[in-house]
Amino acid sequence: AAGVIQSPRHLIKEKRETATLKCYPIPRHDTVYWYQQGPGQDPQFLISFYEKMQSDKGSIPDRFSAQQFSDYHSELNMSSLELGDSALYFCASSSREGGQPQHFGDGTRLSIL
Amino acid sequence: AQSVSQHNHHVILSEAASLELGCNYSYGGTVNLFWYVQYPGQHLQLLLKYFSGDPLVKGIKGFEAEFIKSKFSFNLRKPSVQWSDTAEYFCAVNAGATNKLIFGTGTLLAVQP
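Residues numbered from 1 in each chain as written. Chains lettered and ligands numbered in written order. Predicted model: local features only at pLDDT ≥ 70, side-chain atom pairs only at ≥ 80, totals over all residues. Heavy atoms only, no water.

Here the focus is the interface of chain B and chain A. With 18 residues of chain B at the contact, the number on the chain A side is 20 residues. Buried surface at the junction of chain B and chain A, summed over both partners, amounts to about 1700 Å²; 54% is from carbon and sulfur atoms. Inspection of the chain B/chain A interface yields one salt bridge. A salt bridge links Lys 100 of chain B to Asp 56 of chain A; its shortest N-O distance comes to 3.7 Å. (Contact = heavy atoms within 4.5 Å. Buried area = accessible area lost by both parts, 1.4 Å probe. Salt bridge = Lys/Arg side-chain N within 4 Å of Asp/Glu carboxyl O.)

Moving on to the pairing of strand β3 (residues 19-24) of chain A. Residue and element names in this part refer to chain A. Of the two faces of β3, the one lined by Ala 19, Leu 21 and Cys 23 is fully buried and the one lined by Thr 20, Lys 22 and Tyr 24 carries no buried residue. Looking at chain direction, strand β1 (residues 5-7) and β3 are connected through three bridges and run antiparallel. Bridge pairing in β3 links Ile 5 to Tyr 24. One ladder, built from five bridges, connects β3 with strand β8 (residues 74-78); its direction is antiparallel. Bridge pairing in β8 links Thr 20 to Asn 77. (Buried < 20%, exposed > 50% of the residue type's maximum accessible area, 1.4 Å probe, protein only. Helix = DSSP H or I, 4+ residues; strand = E, 2+ residues; numbered from the N terminus. Pairing = 2+ DSSP bridges.)

Take a look at the structure:
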């Protein structure tokens, strides 16, 4: 079965650079969620989109922005990167109908030098 | 605000031992409850979920969990663990319209052969 696809798998950036993470949800899933998991920490919700509109916002810094496109894929744009942004960024998708569980991608491991 | 507590941060068991991981949540309304497993270097995988109905839910790989509403608990159990169960286990809750997940801090399980 098709899963959530994230790219890239690994990304190395320097401080103050920008990064774009991409997420392709499972077909027919209309909702995308972004989570950040720091080293040894639990995943923290950043932001979600339903039918291309932002549906909820969590602890996402102002330096980050995200959007969901007409084909339902989503991109997380990160600017002025800081050392503390080093983390595993997960995307998850679900179908809003019936409150279906979220399925997670393999994540993008972002390292800031 | 919703929160999830996992009281066991590290658990070490021998193969064939029984497992119970505690999870308590705080939220006054209707919740959906989940257990996810994260194998080293991998993404979060859904073990089991509770939405409604029978409070004893069975998941994959022989895991089960019991929802006790009066105790706000959703403990994970497995009668006999295997070395391959070595992983980190996250309890999560979602509530409200947006379905964002609130995770516990995770329990690192190490099973010794």
